[in-house]
Amino acid sequence: MKVLDTEFVKGFIKMANDGFMQGWHERNGGNLSYRLKVEEVESIRTRLTTNTEWMPIGTSVPGLGGEFFLVTGSGKYFRNIIVDPEACIAIIELDDKGENYRISWGLVDGGRPTSELASHLRNHEVKKKVTDGIYRVIYHAHTTNIIALTFVLPLSDEVFTRELWEMATECPVVFPDGVGVVPWMVPGGQAIAIATSELMKKYDVAIWAHHGMFCSGIDFDLTFGLMHTVEKSAEILVKTLSMSPQKLQTIQPQNFRDLAVDFKLTLPERFLYEK
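Residues numbered from 1 in each chain as written. Predicted model: local features only at pLDDT ≥ 70, side-chain atom pairs only at ≥ 80, totals over all residues. Heavy atoms only, no water.

Participant: I'm lost on the pairing of strand β1 (residues 31-35) in this one. Help?
Facilitator: The two faces of a sheet get side chains in turn, since along a regular strand they alternate between them. Across the 5 residues of β1, 5 count as buried, placing the element largely inside the fold. Side chains Asn31, Ser33 and Arg35 of β1 all project onto a buried face; the interleaved residues Leu32 and Tyr34 project onto the opposite face, where all are buried too. For β1 and strand β6 (residues 137-141), the ladder comprises 4 bridges, and the chain directions are antiparallel. What sits directly across from serine 33, in β6, is isoleucine 138. In this structure, β1 lies alongside strand β3 (residues 68-72), joined through 3 bridges in antiparallel fashion. Bridge assignment links serine 33 to a residue of β3, and that residue is valine 71. (Buried < 20%, exposed > 50% of the residue type's maximum accessible area, 1.4 Å probe, protein only. Helix = DSSP H or I, 4+ residues; strand = E, 2+ residues; numbered from the N terminus. Pairing = 2+ DSSP bridges.)

Participant: Is there a simple way to explain the pattern of salt bridges in this structure?
Facilitator: Taken as a whole and assessed by the stated rule, the structure comprises 16 salt bridges. Measuring nitrogen to oxygen at the nearest pair gives 2.9 Å for the salt bridge that ties glutamate 166 to lysine 275. Remark: lysine 275 occurs in the segment after α11 (253-262) and glutamate 166 occurs in helix α7 (residues 157-167); sequence separation between them is 109 residues. A relative accessible area of 58% means that lysine 275 is categorised as exposed. Residue lysine 239 is joined to glutamate 235 by a salt bridge in which the shortest nitrogen-to-oxygen separation is 3.1 Å. Of this pair, lysine 239 and glutamate 235 both sit in helix α10 (residues 220-243), separated by 4 residues, roughly a single helical turn. Taking relative accessible area as the criterion, glutamate 235 reaches 31% and is therefore assigned partly exposed. Salt bridges linked by common partners bring Arg162, Glu163, Glu166, Lys247 and Lys275 together as one network. (Salt bridge = Lys/Arg side-chain N within 4 Å of Asp/Glu carboxyl O.)

Participant: Looking at this structure, how should I read the environment of alanine 195?
Facilitator: If you trace the backbone, alanine 195 turns up in helix α9 (residues 190-199). For alanine 195, a relative accessible area of 25% translates into the label partly exposed. Taking the C-alpha atoms as reference points, alanine 195 and threonine 50, 145 residues apart in sequence, are found 33 Å from one another. If near-sequence neighbours (up to four positions away) are discounted, alanine 195 is found in contact with Val182 and Met185. (Contact = heavy atoms within 4.5 Å.)

Participant: Teacher, can you tell me more about the sheet that holds strand β2 (residues 55-56) here?
Facilitator: The strand order across the open sheet built from 9 strands is β2-β5-β4-β3-β1-β6-β9-β8-β7, with neighbouring strands paired in mixed fashion. For this open sheet the edge positions go to β2 and β7 (180-182), each flanked by a neighbour on one side alone. Here β6 pairs with strand β9 (residues 212-217) via 5 bridges, running antiparallel. Within β9, the position partnered with alanine 141 by the bridge is methionine 213. Strands in contact with helix α1 (residues 7-21) are β1, β3, β4 (89-94) and β6; relative to β1, the strand with the most contacts, it is inclined by about 160 degrees. (Axes fitted to C-alpha atoms, helices over the stretch in contact; angles between N-to-C directions.)

Participant: Mind showing me how you'd approach a nonpolar patch on the surface here?
Facilitator: On the surface, Ile134, Ile218 and Leu222 cluster together to form a nonpolar patch covering roughly 260 Å² of accessible area. Note that isoleucine 134 resides in the loop between α5 (117-130) and β6. (Patch = residues over 30% accessible without salt bridge, like charges linked within 9 Å, V, L, I, M, F, W, Y side chains within 5 Å. Areas by Shrake-Rupley, 256 points an atom, 1.4 Å probe, with all protein chains shown as cover.)

Participant: Could you clarify how one ought to interpret the environment of glutamate 40 in this entry?
Facilitator: Mapped onto the fold, glutamate 40 is located in helix α2 (residues 38-43). Counting along the chain gives 31 residues from glutamate 40 to valine 9, while the straight-line C-alpha distance between them is 10.0 Å. Each residue touching glutamate 40, except ones within four places of it in the same chain, is listed here: Phe8 and Tyr34.

Below, the structure is given as structure tokens:
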């Protein structure tokens, strides 16, 4: 089967384009990665090359040794992925130790995987472990309203979770574990990769202060839907704060507890503090 004819590549391209259409990917901003299933690798095995050079990842992810990932390219524009995917995305293979990668398909005009590869792979390793391999998608986008809120809200998991939950009733249903927040750090390095992966042990959403969001999920639809829900909640909050610094009414802690009962959720009490 041709790589571009596979459903996972089609889904990857659609998600990338959906993110661009939301305005989350200016210039070459943002990145996306997907951990391939064994049967997906086998379906395109004859299309994958093994003649490329092994390159260091910049971190060690032994839990992902030997796996294949579909990733966006460094410096590539999301707006061009749907036009020329073979030039903008790549399938990479990791060595058995999870320390090096090689390009197996794509990036035909040259280049390398996303500069955030270390963050993506560390997050993949964590989510693979804590979800028994169910989660396969990591998505990073420059979501406008979430970024704006990192300039005016305390950079705490509790505050961001509570404020976002209050903005839309579906929020505690969509992300009942809450969200984590990483203070500003230089992107692309080992330190921010470690900080984000620590949050991913508890959350499916990690907010990077003054930069954007990382989300993880089972598939493209659920991961995009998670990002979309968090960002829409942030948009409502930005609009609310622009009208008045004080809310006249909002969802109260007991309301969340009642919601949790009806939807059979477990909401951490540390987010249901009295204001």
